[in-house]
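# Per-entry structural report
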Amino acid sequence: MSATIRILAAQEARAAIPDLCETLSDCINGGASLGFMLPYEPKDGVGYWNEIADAVEKGGIILAVAEVEGRVVGTVQVGLASKPNQPHRGDLMKLLVHRSARGLGLSRKLMDAVEAEAVRRGRTLLVLDTATGSDAEKIYPRLGWERVGVIPDYALWPQGGFCDTTLFYKRIGIVA
């Protein structure tokens, strides 16, 4: 299976909302801590993805997607810091790969694409948090991210119960 990775404009993001909703729902139902609680159906994500498309249109978010056979099966975002003292920073958010498309290297391809776009937009530092002990936590060090530490009881798992979060950062676009 061959994948296409694209950075979406707002209109493209809006067109992709059904697939984005399906991918988000699949990940939440698979146990990922993404800010939403169970039960969660694809239709529950429409408002969220409309907000993301609006932010893409305003230039506040970079939205990358992975497509296989014309269907979005993966995504990641970078929120571009808007504070005057943080023009160099971005927040990596919601690296998602549908369970049916895992094992194809889509996480790495999505991260490479969104990091390159963040550099193009003047960012040199990205930060993220992810559920401690999750499969996602294992991905980031392999992609060059530095672990900072853990915050206990940061959020809830989708099924309930406290979830710690691990903080990471990565310097990008800087030649040593």
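Up top is the structure.
Presented here is an overview of the structure given in this document. (Residues numbered from 1 in each chain as written. Predicted model: local features only at pLDDT ≥ 70, side-chain atom pairs only at ≥ 80, totals over all residues. Heavy atoms only, no water.)

### So, the side chain of S107
Along the chain, S107 falls in helix α4 (residues 106–120). Given a relative accessible area of 18%, S107 falls into the buried group. Leave out the neighbours within four places in its chain, and S107 touches L95, V97 and I139. (Helix = DSSP H or I, 4+ residues; strand = E, 2+ residues; numbered from the N terminus. Buried < 20%, exposed > 50% of the residue type's maximum accessible area, 1.4 Å probe, protein only. Contact = heavy atoms within 4.5 Å.)

### As for the environment of G35
Locating G35 in the fold gives a position in the loop between α2 (17–29) and α3 (46–58). Among the residues examined, G35 registers a relative accessible area of 71% and is labelled exposed. Sequence spacing of G35 and R171 is 136 residues, and the spatial spacing of their C-alpha atoms is 26 Å.

### Section: helix α5 (residues 135–142)
For α5, the set of buried residues is E137, I139 and Y140. End-on view of α5: buried residues confined to an arc of 155°, all on one side of the axis. Facing away from the buried surface of α5 by more than 90 degrees, the exposed residues are D135, K138 and R142. In this structure, the buried residues of α5 make contact with β4 (89–97), α4, β5 (125–131), β6 (146–156) and β7 (162–171). G144 occupies a position one or two residues after α5 and carries a positive phi of about 90°. (Arc of directions from axis to C-beta.)

### As for α4
In this model, α4 (15 residues) spans 21 Å end to end at C-alpha, consistent with the 21 Å of a helix rising 1.5 Å per residue. Downstream of α4 by a residue or two, G122 has a phi angle that is positive, lying close to 85°. (Expected span 1.5 Å × (residues − 1).)

### Focus on a nonpolar patch on the surface
On the surface, a cluster of nonpolar side chains totalling about 300 Å² of accessible area is made up of M37, L156 and F162. Checked against the element boundaries, F162 lands in strand β7. (Patch = residues over 30% accessible without salt bridge, like charges linked within 9 Å, V, L, I, M, F, W, Y side chains within 5 Å. Areas by Shrake-Rupley, 256 points an atom, 1.4 Å probe, with all protein chains shown as cover. Salt bridge = Lys/Arg side-chain N within 4 Å of Asp/Glu carboxyl O.)

### Quick notes on unusual backbone geometry
With an omega of -5°, the peptide bond running from L38 to P39 counts as cis. Following the sequence through the fold, P39 ends up in the loop between α2 and α3. Although it is not a glycine, E69 sits at a positive phi angle of roughly 55°. Along the chain, E69 falls in the loop between β2 (61–68) and β3 (71–80). Exposure remark for E69: the relative accessible area of 73% places this residue in the exposed category. One non-glycine residue with positive phi stands out, namely K94, at about 50°. The exposure class of K94 is partly exposed, given its relative accessible area of 22%.

### Describing the packing of aromatic side chains
Evaluation of the coordinates by the stated rule reveals five aromatic pairs. Seen from their ring centres, Y48 and W49 are 4.9 Å apart, and the 75° between their planes marks the pair as edge-to-face. Comparing Y48 with W49 shows no difference in burial state: the two are buried. Between Y140 and F168 the ring centres are 5.7 Å apart and the planes differ by 45°, which places this aromatic pair in the tilted class. One end of the pair, Y140, is in helix α5; the other, F168, is in strand β7, and 28 residues separate them in sequence. As far as burial versus exposure is concerned, Y140 and F168 are alike and both buried. Chaining the aromatic ring pairs together yields one cluster made of F36, Y40, Y48 and W49. (Phe/Tyr/Trp six-rings, centres within 6.5 Å; stacked < 30°, edge-to-face > 60°.)

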